[in-house]
Structures are given as structure tokens and as C-alpha cells.
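Breakdown of the fold
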Amino acid sequence: VVNLYNGSGYNESYTVQGLPMEDVMFAGVPYGEYSYSISKECKTPVTGTTTVDCANDMGVSVFAEAPVAKTVNDVFFFIGMTGAEAGTVVNLYNGSGYNESYT
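First, a word on what this report is: a plain description of the structure on this page. (Residues numbered from 1 in each chain as written. Predicted model: local features only at pLDDT ≥ 70, side-chain atom pairs only at ≥ 80, totals over all residues. Heavy atoms only, no water.)

1. Topic: the overall build of the protein chain
Heads up, the condition is: Note on conventions: DSSP H or I runs of at least 4 residues are helices, E runs of at least 2 residues are strands, and numbering of each starts at the N terminus. Throughout, radius of gyration means the C-alpha value; the globule benchmark is 2.2 Å times the number of residues raised to the power 0.38. For every residue, the accessible area obtained with a 1.4 Å probe (protein chains only) is divided by the maximum for its type, and the residue is called buried under 20%, exposed over 50%, and partly exposed between those limits. Only heavy atoms enter the contact rule, under which two residues are in contact if any of them lie within 4.5 Å.
A tally of regular secondary structure across the protein chain gives zero helices and six strands. Taken against the 2.2 N^0.38 rule, which gives 13 Å for 103 residues, the C-alpha radius of gyration of the protein chain at 22 Å runs more than 25% over that of a compact globule. With the C-alpha coordinates of the protein chain rotated into their principal frame, the extents come out at 65 × 30 × 20 Å. For the protein chain, buried positions account for 16% of its 103 residues. When contacts within the protein chain are restricted to residue pairs at least 6 apart in sequence, long-range pairs at least 24 apart make up 32% of them.

2. Structural notes on a nonpolar patch on the surface
Keep this limit in mind: For patch detection, residues must exceed 30% relative accessible area and be free of salt bridges, and they are connected within 9 Å for like charges or within 5 Å for nonpolar side chains (Val, Leu, Ile, Met, Phe, Trp, Tyr). Computed by Shrake-Rupley with a 1.4 Å probe, the accessible areas treat only the displayed protein chains as cover when residues are assessed. A carboxyl oxygen of Asp or Glu within 4 Å of a side-chain nitrogen of Lys or Arg is what we treat as a salt bridge.
Together, Val75, Phe77 and Ile79 give the surface a local cluster of nonpolar side chains, amounting to about 280 Å² of exposed area. Judged by relative accessible area, which is 36%, Ile79 ranks as partly exposed.

3. A few points about the environment of Tyr36
Relative to the elements of secondary structure, Tyr36 occurs in strand β3 (residues 32–38). Tyr36 gets classed as buried once you look at its relative accessible area, which sits at 13%. Between the alpha carbons of Tyr36 and Tyr5 there is a distance of 6.3 Å; along the sequence they are 31 residues apart.

4. Remarks on the nonpolar core
Here is the rule we go by: What we call a nonpolar core is a set of buried Ala, Val, Leu, Ile, Met, Phe, Trp, Tyr and Cys residues that are connected through their side-chain atoms within 4.5 Å.
Residues Val2, Leu4, Tyr10, Val29, Tyr34, Tyr36, Ile38, Val46 and Val52 constitute the largest nonpolar core, which totals nine residues. Within the residue set of this core, elements represented by two or more residues are β1 (2–5), β3 and β4 (46–52). Tallying contributions element by element places β3 first for this core, with three residues. Here Val2 is in contact with Glu12, Ser13, Tyr14, Val16, Val24, Phe26, Ser37 and Ile38, once residues within four sequence places are set aside.

5. Describing the sheet that holds β4
Applicable threshold: The pairing criterion for strands is at least two bridges between them, as found by DSSP. Note on definitions: angles span 0 to 180 degrees between N-to-C directions of axes, and those axes are lines fitted to C-alpha atoms, for helices only across the stretch in contact.
The four strands lie next to each other as β2-β1-β3-β4, forming an open sheet whose pairing is antiparallel. Only two strands of the sheet have a single partner each, and these edge strands are β2 (11–14) and β4. Between one strand and the next, the sheet's axes are offset by a mean angle of 20°, whatever the strand orientation. Bridge count between β1 and β3: four bridges; the pairing is antiparallel. Looking across to β3, one finds that Val2 is bridged to Ile38.

6. Some thoughts on the packing of aromatic side chains
Filter applied, for reference: Each Phe, Tyr or Trp ring (for Trp, its six-membered ring) is paired with any other whose centre lies within 6.5 Å, and the angle between the two planes then decides the class: stacked below 30 degrees, edge-to-face above 60, tilted in between.
For the coordinates displayed, the defined rule picks out one aromatic pair. Ring geometry for Tyr10 against Tyr34: centres 5.2 Å apart, planes inclined by 80°, an arrangement best described as edge-to-face. Of this pair, Tyr10 sits in the loop between β1 and β2 while Tyr34 sits in strand β3, and the two are 24 residues apart along the sequence. The residues Tyr10 and Tyr34 share a single accessibility class, namely buried.

Below, the structure is given as C-alpha cells:
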């Protein structure tokens, strides 16, 4: 999903269909400063800004990197039926050097 927006009410979104070399175009965008975000499930979002101006009627091109695969996530532990037992220690570790503890 590609979003183009500013702080003055302009907010447009486009979902990429997956066609080879698919370009995303927003037509008739008023001149000004815009932010953009590119997101896909399980990928790290890409964000940036661009300025829309005259550009000799050639449009404004933005070349952005594709989102890359995420490599981290959160792990939630729910301890106890009506509340956690105070002083309980939770350890999360693997054989590759990750070792975290929470009391």
C-alpha cells in the first residue's frame, strides 16, 4: 500500500497489484510538501517526503526502495489466571546468544 498525504487534508492511498514494474501515480496533486509511506505485511515500512511543484508539466517522480522483510517481533506472555504472581521470572532464550529475562 502506498499512501501520499499532507497536513492539510490531502490523503490518497493505492494498493499495488503486483504487476511487473508497476508504477503508482496520484493525479492532480496540489502543489506542496507531502509525506509518503509504503507498507506491506511482514515488511518494514518505507517513509519519506516529496515536494509537488511545476516540474515543467512532467510530473514529480519519487524513487523509493521496496520494503524489506522484518526480522524482529514482540513475544507476549500471559501469566496466571487472575493476575501475575509477583516475583515470577520469565526467561526467553535461544542457542544463538539471545537471552532476555523479566521479573
